[in-house]
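Letter by letter, the chains look like this.
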Amino acid sequence: MSRSLSLISLFASLVLIAAAGAVMVFSAAFLYISPKLPSVEALRDVQLQTPLRIYSRDGQLMGEFGEKRRSPVSFQEIPDTFIKAFLAAEDDRFYSHHGVDVSSLLRAASQLITTGSIQTGGSTITMQVAKNYFLTQERTFTRKFTEIFLAIEIERALSKGDILELYLNKIFLGNHAYGIEAASQVYYGKPIRDLSVAQMAMIAGLPKAPSAYNPVANPERAKVRRNWILSRMLSLGFITDNEFKEAIATPISATAHGTPLDVDAAYVAEMVRLEMLDRFGRNAYEDGYSVITTVDSTLQHVANRAIIDGVIEYDQRHGYRGPEKNWPLPASLDDEAKASLSKKLVDIGAVGEWHPAIVTQVEEKSFAALLASGEQTRVGWDQGLKDVAKYISEDRVSYTIEKVPDILKPGDVIRLRMTGKDDKRHWQLSQLPQVQASLVSLDADTGAILSLVGGYNYQKSSFNRVTQAERQPGSNFKPFIYTAALDNGFTPASIINDAPIVFDDASLGGTWRPSNDSGTFNGPMRLRKALYLSRNLVSIRLLRELGIDTAINYVGRFGFDTKALPRDLSLALGSHSMTPLKVVTGYAVFANGGYKVSPYVIDKIIDRDGNVIFRANPEVVCRNCDEESEELAAINEDFSLDEILAQDTAVVATPAPKVLSDEVVFLIDSILQDVVKRGTGRKALVLNRGDAAGKTGTTNGPTDAWFSGYSGGVVTSTWAGFDQNQKLGRREYGGSVALPIWIDFMREALKDRPERHFKQPDSIVSVRIDPDTGTLARPGQSNAIFEYFRTENAPRETDYSTPGSFNGGNEPIELF
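Residues numbered from 1 in each chain as written. Predicted model: local features only at pLDDT ≥ 70, side-chain atom pairs only at ≥ 80, totals over all residues. Heavy atoms only, no water.

Of all hydrophobic cores here, the largest spans 88 residues; its most connected members are Phe 558, Phe 590 and Val 715. In this structure Phe 590 touches Pro 479, Phe 480, Thr 483, Phe 558, Leu 660, Val 665, Ile 668, Leu 672, Tyr 710 and Phe 758, once residues within four positions along its chain are discounted. Grouped together as the second largest cluster of nonpolar side chains are 49 residues, Ile 171, Ala 182, Tyr 187 and Ala 204 included. (Core = buried A, V, L, I, M, F, W, Y, C linked by side-chain atoms within 4.5 Å. Buried < 20%, exposed > 50% of the residue type's maximum accessible area, 1.4 Å probe, protein only. Contact = heavy atoms within 4.5 Å.)

Listed below in structure tokens is the structure:
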């Protein structure tokens, strides 16, 4: 008995000594570490690294940039089942401990003693918050003690809900996802509120080892981890038996999802990204900025579709170029062979709506193909095949094919595109277009970019052809020369000769023989007709009469770099290079009544707290106000993010300078309307707009096709061509390639927009003239037409027999 008491007494003494030693070690550690502990009060104002987000003016997400994908959510927004999944996986006694779970620490210590290495850290969620926000990932006793002391302090300072919110928004969950909302989007493409129990458990299993339990990279290991968490949730009473059975039977459905964007505006988003990087450096990607652009999401959708339809229409006109490659087919197309081929097609990848496929069978009037998804399809004769012709050159195509083997054979790797509507949708033989196109549209009164497409697919080419591609505008530039002439004594009725001309000019490479696109000559004609018919030789003679220096100095008011313009007569034909953004900015002056505006795309920049730290201050058209008007007063109030996203207009602060007189604007607008009504832009009559105006443009080759025009206060430029300057084809013009894209876009952009007509100035008169001579019509002349003139330039009765003031002569050839 006494021996037993002695043993008990000895054991008790050892326990007391061990406890005292532990207390002494703990106290010593506290005294050593506590002065170095950071203040947990900082957690109340913690700033999580949040990516840059770019929105349209109506609040649609257009882009997100940042290495760490994170979308912070409040504790109230987190589903209770999701919280329980994490508690089951990480800390089921979270609500009962005060930051440290002694039993978990003792279990970790026991593992260390028995194995000689650290197996688990015994960390609670609170301790993980301390580590994630304040400490490193190193495994040392000092760091562990620091973690413990910080956890205790955190529990004193914050509520359990606050701690969970910090934890669930901070943790790394693989695939660049930080926090549960980002992980939900990355793995399932939807917000946390829409996740199933099985999906919640899957994400809850990731903090332990994000790479090892990644459901995309390691689905089987992830499933084992998920099922263990589900069983823990069942044993803890967090879910019912039926919920457990349903969740455990759910197959792995996680796939890699990109950021779910509301609108495809990659070229705009990249422009904004570069601007933000210039303003804020690398902090732009982490400090949670939101950028509100001027882009209209609806019009951006329309612009994307117009560009794609435009390049497809051109591509189909020029024939099928053949398969991208040919792969030998295996002797037997069993499931294993099909899976192998599908994997190779996945590696090729889709480009927009063009999907790779391999031809598996060819018949006379149809073919079968396998897609990357594993889907097998058959394309029939009436599904576009009967209209296919083979490409021969940019100028020639074959007759339409008679049978499918004329163009395809088994093993050919091709592109298919889904066409048709509703239940009539089907796959159609297609090919990646080689031609490119771009579109940019502005609010003519403010310069705000309403939509911008720099190419038919950003994935295929990130080169922005609106802002980076300097191409010859060709006849698209003529209106600026004609405007200079109208402001320097010429009239729409001035007569210039449309006849052959030869120049001996070293700056133009020696002898220069310019011609019209049609190769024909019409003799003397009025300036109005020469512009709406786009006669090159008239434009050259006009520039010669006007004077090159006069013209260059004048067009500078449209925003063009006068130093970059050629000081020779090729200027009349748009031989210099400029971006579509420069061109559309020039046309905005015609569209808004003669005011110079500057294009801009960033309307507001908002910090993570919702404060507006930048607001655009554009020069805007203000027709009936002065600088002291309330219309020009800057609005300086701060708004919430929702209120800012609800605002459609930029701040009006500064009046745009008037660079053209009302008289000149009225005259050139009248002529540009005739381009649509009776000239090279007649296709635009389908818009049924009395105020539609613009100009086509086609360069030598032809290599560049343009249409720039405006209506209802919207000004838009479209361009099409090859990046390597190949020829478009001898029958291709601005009116055949670029104008259809412009029409498709403007048809939607002008909905609900009233026509805008410029008021006829008092100093402009309408006079009946002889259309052949530009002089005053004789009384009773049957073919007389009305023309507009400035009062001082109007023809007089004494001019009946006199040719126009500026006659280029009737000689067939001039040599200079």
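Our focus in this paragraph is the sheet that holds strand β1 (residues 52–55). The mixed open sheet is built from five strands, whose spatial order is β2-β1-β3-β18-β19. With one partner strand each, in any of the chains shown, β2 (61–65) and β19 (612–615) form the two edges of the open sheet. Direction aside, the axes of adjacent strands within the sheet are offset by 15° on average. Taken together, the four bridges between strand β3 (residues 290–293) and strand β18 (residues 602–606) define a ladder with antiparallel strand orientation. Its bridge partner lying in β18, Thr 293 is registered against Ile 602. Helix α11 (residues 266–280) contacts β1, β2, β3, β18 and β19 of the sheet and is inclined by roughly 45° relative to β2. (Pairing = 2+ DSSP bridges. Helix = DSSP H or I, 4+ residues; strand = E, 2+ residues; numbered from the N terminus. Axes fitted to C-alpha atoms, helices over the stretch in contact; angles between N-to-C directions.)

Turning our eyes to something else, we now look at the pattern of salt bridges. Should the charged atoms of two oppositely charged side chains come close, the side chains can pair. By the definition in use, this model includes 38 salt bridges. Arg 528 is the salt-bridge partner of Glu 787, the closest N and O atoms lying 2.7 Å from each other. Here Arg 528 lies in helix α15 (residues 527–532) and Glu 787 lies in strand β26 (residues 785–790), a separation of 259 residues in the sequence. Comparing Glu 787 with Arg 528, the two get one shared label, buried. (Salt bridge = Lys/Arg side-chain N within 4 Å of Asp/Glu carboxyl O.)

Okay, unusual backbone geometry next. Here the bond from Gly 701 into Pro 702 is cis, since omega is -10°, no more than 30 degrees from zero. Secondary-structure assignment places Pro 702 in the loop between β22 (693–698) and β23 (704–711). For His 176, which is not glycine, the phi torsion reads 65° and is therefore positive. For His 176, the location among the structural elements is in the loop between α6 (160–170) and α7 (180–188).

Here we take up the packing of helix α12 (residues 297–317) against helix α21 (residues 734–749). It is at 9 Å that the axes of α12 and α21 come closest, and there the two elements cross at 155°. As judged from the angle between their axes, α12 and α21 are roughly antiparallel. Handedness of the α12/α21 crossing: right-handed. For the pair formed by α12 and α21, the contact residues are Leu 299, Val 302, Ala 303, Ala 306, Ile 307, Gly 310, Tyr 314 and Arg 317 on the first element and Ser 736, Val 737, Ile 741, Asp 744, Phe 745, Glu 748 and Ala 749 on the second. The residue inventory of the contact of α12 with α21, partitioned by class, reads 10 nonpolar, two polar and three charged. (Parallel < 35°, antiparallel > 145°, perpendicular 65-115°, else oblique. Left-handed = near helix turned anticlockwise from the far one by under 90°. Nonpolar A, V, L, I, M, F, W, Y, C, P; charged D, E, K, R; others polar.)

Bringing the side chain of Glu 64 into the picture now. Residue placement: Glu 64 occurs in strand β2. Polar contacts involving the side chain of Glu 64 include one to the side chain of Arg 53, which spans 2.8 Å. With near-sequence residues (within four places) excluded, Glu 64 lies in contact with Pro 51, Leu 52, Arg 53, Arg 69, Thr 259 and Leu 261. (Polar contact = N/O pair within 3.5 Å; in protein donor to acceptor, adjacent residues only side chain to side chain.)

In this structure, Ala 177 sits in the loop between α6 and α7. A residue is classified by how much of its surface remains accessible, and Ala 177, at 0% relative accessible area, is buried. Placed 109 residues apart in sequence, Ala 177 and Lys 68 show a C-alpha to C-alpha distance of 6.2 Å.

We now examine the sheet that holds strand β24 (residues 714–721). The five strands lie next to each other as β13-β12-β24-β23-β22, forming an open sheet whose pairing is antiparallel. If you trace the sheet from one side to the other, it starts and ends with β13 (449–453) and β22, each paired once. Each strand of the sheet is rotated relative to its neighbour by a mean of 5°, with strand direction disregarded. In this fold helix α20 (residues 662–678) packs onto β22 and β23, with an angle of close to 65° to the strand it touches most, β22.

The next point concerns the confidence of the model for the protein chain. For residues with low pLDDT, the predicted coordinates do not support detailed interpretation. With 83% of its residues at a pLDDT of 70 or more, the protein chain shows a mean pLDDT of 86. A low-confidence stretch, residues 17–23 stays under pLDDT 50, and its non-local contacts, those more than four residues away or across chains, total zero contacts. Ignoring residues within four places in sequence, the model shows residues 627–641, a span with pLDDT below 50, making 25 contacts including any to other chains. (pLDDT = per-residue confidence, 0-100.)

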